[in-house]
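# Coordinate analysis (summary)
Each chain is listed here by its residues.
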Amino acid sequence: MIDKTMGSEYARFNMAQGLARAIFLYSFSATPRNGINLPKLRVATLYPGLPPAIVTDTLKKLEDELWFLHQEAGLYLFKKEPNLNRIIVEREEAISEEEIRSQLKNEIQKICGQEFKTVIWPERPGDVPDVKALQLAILSPDHALGNGTEGVLEFVRKIFEEAGQGFRTYRNALFVLLPDGKTIARLLGHVRRILTLKKLLEDRSLSGMLRKEDQAELKKRLKEAKDGLSDEILTTYDKLVHLNTGGELKIFNLPMHVAGKTTTLTARVLEYLVENEGVLRRLSPKYLLEKTFAPDEDEKTFEEIYDVFLKTPGLALPLSERVVREAVKDGVRAGFLGVRIGEKVAIGVTVNEMDLFPDTPVLRPEKARAERERLVVQDKITPYEGPKGETPAPPRTDSEKKSPTKTPPARRLKRKVYLRAQIPWDKMAHVVSGVIAPLNAEAEVKIFLEIKATSSSGINPTTLETKVKETLQQIGAEIEEWEEE
């Protein structure tokens, strides 16, 4: 019967029957040790024109099908105790698809992670809520990419369009993770094997039939299967979908998972997005201004700015609202942005964290300076002071601009200033507010930054490429000289 199931090429040799006969004869011999090894089996079943692989292929099939065939220390023999492989194969057939899916979903939840808000196996597009934060929808094996790709992508497209009973607003904040159609069957088989081994170990009626060696083997196989399941999930779920600038689906292939590397699904996705600048841990004020302000817009609230990133497909996303908040604070401190706080306008100073609210207006620098000047000169409102009492230089009045102040010869106005100083790194905010901002109010300022960094343990090249150079590029800096040792 086994010969017929293996195809005509194998059936004509009756290899299964020949191997079983040879093993049986050696199983009950008068020698101290029963059984026959693979080389002797090849000799015992030798035929002219026999394909080299036919013996090993048939032996594997016999081990899975015959209840009492065993392999011990390289010897094949029949025994009265049932064959462990055959027991496992038969019990696997009794595991339902529902059990497998339920177990897999539980395992995915265990290694899901917390880097994104997650929705596991949504049944309908509307099951994915419209949230104002980074979100990851993890799809079920029914939506493996590669099995009916058009239908799968149509389902994904609807997820980006629909949310509950309405349309999705925060489309750019959503990512969809799918399993690979080529490896999903292997993952499901892995889960099936785990469920089977667990049930066999829990079956008291079977424990009396199995040898101690077989029981130990079951425990060993179950441990190995459990230990490898996370790697199998991370390897299979490697298709990431997001929207491009035109609002069309874009599929990313996550890099190959390294077996044994401890991580989560969301951490793996976030690591990829950060490395490829899809998600930013830091945001430059210049990028914020360019991407969220229309040419004719002079101000937007902090909440509106954050919403632009979450709503607009194709924009690099800030990791959280905190990243946008820090970009606004940096922009205000450097004079690239302004904020209206009550009756005052802050620009060129450090902004108190407690003064920034979702409805706080963020201004273009030109409008911020003009409005601050009007408030100080006309309305006599004291300039905004930051948490350390930093106050920007008061703007000159129209009369002062038209009639420069007469000064004694010793205090005459300077046409040019050049300085080079060593600054403590934690005092840079004071340099911006107390040195650059006052100069910028009266002159055209050009800044050349010189940094020397040394480390006995070494500087990570990734830090230089993805943080230092990236930040300089985002703010529009021209790198005139760069040396590494």
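Please read all numbers here as calculations on a predicted model, not as lab measurements. For every chain, the first residue of the written sequence is number 1, and numbering continues from 1 onward in sequence order. Only residues with pLDDT of at least 70 get local features here, since the model is predicted, and only at 80 or more are side-chain atom pairs given and counted; chain-wide, interface and lining totals rely on the full set of residues. Side-chain measures were taken over the full set of non-hydrogen atoms in the model, leaving aside hydrogen atoms and water.

For patch detection, residues must exceed 30% relative accessible area and be free of salt bridges, and they are connected within 9 Å for like charges or within 5 Å for nonpolar side chains (Val, Leu, Ile, Met, Phe, Trp, Tyr). Residue exposure ignores everything except the shown protein chains as possible cover, and the areas themselves are Shrake-Rupley values with a 1.4 Å probe. Here a salt bridge means any side-chain nitrogen of Lys or Arg lying within 4 Å of a carboxyl oxygen belonging to Asp or Glu. Here the positive residues are Lys and Arg and the negative ones are Asp and Glu; neither His nor the chain ends is included. A charged residue contributes its charge at one atom only: NZ of Lys, CZ of Arg, CG of Asp or CD of Glu. The grouping of Glu478, Glu480, Glu481, Glu483 and Glu485 at the surface amounts to a negative patch. Numbering of helices and strands starts at the N terminus; helices are DSSP runs of H or I of at least 4 residues and strands are runs of E of at least 2. In this structure, Glu480 sits in the segment after helix 19 (461–474).

Right, let's talk about the packing of aromatic side chains for a bit. Here a Phe, Tyr or Trp ring, Trp counted by its six-membered ring, pairs with any other such ring whose centre lies within 6.5 Å, and the pair is stacked when the planes are under 30 degrees apart, edge-to-face when over 60, and tilted otherwise. By the definition in use, this model includes four aromatic pairs. For the pair Phe116 and Phe175, a centre-to-centre distance of 6.0 Å together with 80 degrees between the ring planes defines the contact as edge-to-face. In this pair, Phe116 is assigned in the loop between helix 7 (97–110) and strand 3 (117–120) and Phe175 in strand 7 (residues 174–178), connecting sequence segments 59 residues apart. An angle of 15 degrees between the planes, with centres 6.3 Å apart, marks the rings of Tyr287 and Phe309 as stacked. A residue pair is termed long-range when its members are at least 10 positions apart, and Tyr287 in helix 13 (residues 285–292) and Phe309 in helix 14 (residues 302–311) qualify at 22 residues. Judged by its relative accessible area of 0%, Phe309 falls in the buried class. Categorising residues by exposure relies on relative accessible area from a 1.4 Å probe, with only protein chains included: less than 20% of the type maximum marks a residue as buried, more than 50% marks it as exposed, and the intermediate range marks it as partly exposed.

Moving on, we get to the packing of helix 14 against helix 15 (residues 321–334). Each pair of packed helices gets described by two things: the angle between the helix axes and the distance between those axes. Where helix 14 meets helix 15, the closest approach of the two axes is 10 Å, and the angle between their N-to-C directions is 125 degrees. In terms of their interaxial angle, helix 14 and helix 15 are classed as oblique. Handedness of the crossing formed by helix 14 with helix 15: right-handed. Residue-level contacts link Phe302, Ile305, Tyr306 and Phe309 of helix 14 to Glu321, Val324, Arg325 and Val328 of helix 15. All amino acids are sorted into three groups, where Ala, Val, Leu, Ile, Met, Phe, Trp, Tyr, Cys and Pro are nonpolar, Asp, Glu, Lys and Arg are charged, and the leftover types, Gly among them, are polar. Grouping the constituent residues of the contact of helix 14 with helix 15 by class yields six nonpolar, no polar and two charged. To get an axis, a line is fitted to the C-alpha atoms, and for a helix only the part in contact is used. The angle between two axes follows their N-to-C directions and goes from 0 to 180 degrees. Under this scheme an angle from 65 to 115 degrees is roughly perpendicular, one under 35 degrees roughly parallel, and one over 145 degrees roughly antiparallel; angles in between are oblique. A clockwise turn of the near helix away from the far one marks a right-handed crossing, whereas an anticlockwise turn of less than a right angle marks a left-handed crossing. Contact criterion: two residues are considered in contact whenever any of their non-hydrogen atoms come within 4.5 Å of each other.

A few words now on the pattern of salt bridges. Taken as a whole, this structure holds 28 salt bridges when the rule is applied. Linking Arg192 and Glu97 is a salt bridge whose minimum nitrogen-to-oxygen distance equals 2.8 Å. One end of the pair, Arg192, is in helix 9 (residues 184–202); the other, Glu97, is in helix 7, and 95 residues separate them in sequence. On the basis of relative accessibility, which here comes to 47%, the residue Glu97 falls in the partly exposed class. Linking Asp227 and Lys223 is a salt bridge whose minimum nitrogen-to-oxygen distance equals 2.8 Å. Of the two residues, Asp227 and Lys223 both sit in helix 11 (residues 212–236), four residues apart, roughly one turn of that helix. With relative accessibility at 53%, the residue Lys223 sits in the exposed group. In this structure, a network of salt bridges that share partners links the residues Arg322, Arg325, Glu326, Lys329 and Glu353.

Moving on to the pairing of strand 1 (residues 69–72). The side chains of a regular strand alternate between the sheet's two faces. As paired strands, strand 1 and strand 2 (residues 75–78) are joined by four bridges and run antiparallel to one another. Among the inter-strand pairings, Glu72 is bridged to a residue of strand 2, identified as Leu75. Strand pairing follows a simple DSSP-based rule, namely that at least 2 bridges must link the two strands.

Let's shift gears to the packing of helix 3 (residues 15–27) against helix 5 (residues 54–65). Two elements in contact, helix 3 and helix 5, have axes whose closest approach is 10 Å; the angle formed by their N-to-C orientations is 75 degrees. Taken together, the axis directions place helix 3 and helix 5 in an arrangement best described as roughly perpendicular. In this structure, helix 3 contributes Met15, Ala16, Leu19, Ala20 and Ile23 to the contact, and helix 5 contributes Ile54, Val55, Thr58, Leu59 and Leu62.

On to the side chain of Lys329, then. By the element assignment, Lys329 lies in helix 15. Lys329 sits in the buried class, given a relative accessible area of 13%. Among residues more than four places away in sequence, those in contact with Lys329 are Val351, Glu353 and Leu356.

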